[in-house]
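A closer look at the structure
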Amino acid sequence: MSHVGLLLDSDVLAEIRKATPHQQVVNCLRRNSYRTMYVSVLSLGELKGLYPYPETERWLAELIDRFGDHLLEVDTRVSLEWAGRHAERPLQAVGSECQAPLARAALEGLMAATATVHRLEIISGKADVYRTWGVSAVNPWED
């Protein structure tokens, strides 16, 4: 299966917003600049939650404007693709001391499903997680 476009994960979006982003991330995006880049609405929500500052709203509005038709939503196809992607049983334990793994597994599973449905390669610091679900992914900090 050919992966024509790239799905930028929230950690990459946050990195390239920095005044001096990590050079390997910049180089990775430059090497792939001929490919169409996409952002998931899931990343927008994650960024809003991670950066609860007034300027975040402006940044998210810029991303929405800049990516326009390349902003991907969770639709029926994505949710049906996601249905088979779940966290390992220990991560789903109800009453667990740490509730974050299940939410994170759900978010990453939906991102993986989005990439699969739209035939995209994910650019993320969590590339190894996406690869466990059989999704093509690159860690721009390492690869």
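Small disclaimer: the values here were computed from a predicted structure and weren't measured.

**Description of unusual backbone geometry**
Even without glycine at this site, Arg119 takes up a positive phi of about 55°. Along the chain, Arg119 turns up in the loop between α6 (100-117) and β4 (120-123).

**A short note on the environment of Leu107**
With respect to the element layout, Leu107 can be found in helix α6. The spacing of Leu107 and Glu46 is 61 residues in sequence and 8.9 Å in space, taken between C-alpha atoms. When near neighbours in sequence (up to four residues on either side) are disregarded, Leu107 contacts Leu42 and Glu46.

**A few points about helix α1 (residues 10-17)**
Restricting attention to buried positions, one finds in α1 the residues Ser10, Val12, Leu13, Ala14 and Glu15. On its buried side, α1 packs onto β1 (5-8), α2 (23-31), β2 (37-40), α3 (41-50), α4 (54-67) and β4.

**As for the sheet that holds strand β5 (residues 137-138)**
The strands making up a sheet are joined through hydrogen bonds of the backbone, oriented either antiparallel or parallel. Strands sit in the order β3-β2-β1-β4-β5 across an open sheet of five strands; the sheet is parallel. Only two strands of the sheet have a single partner each, and these edge strands are β3 (71-72) and β5. One ladder, built from two bridges, connects β4 with β5; its direction is parallel. When the sheet's bridge partners are listed, Ile122 is paired in β5 with Ala137. Each of β1, β2 and β4 is contacted by α1, which is oriented at about 80° to β1, the strand it contacts most.

Conventions used here
- Residues numbered from 1 in each chain as written.
- Predicted model: local features only at pLDDT ≥ 70, side-chain atom pairs only at ≥ 80, totals over all residues.
- Heavy atoms only, no water.
- Helix = DSSP H or I, 4+ residues; strand = E, 2+ residues; numbered from the N terminus.
- Contact = heavy atoms within 4.5 Å.
- Buried < 20%, exposed > 50% of the residue type's maximum accessible area, 1.4 Å probe, protein only.
- Pairing = 2+ DSSP bridges.
- Axes fitted to C-alpha atoms, helices over the stretch in contact; angles between N-to-C directions.

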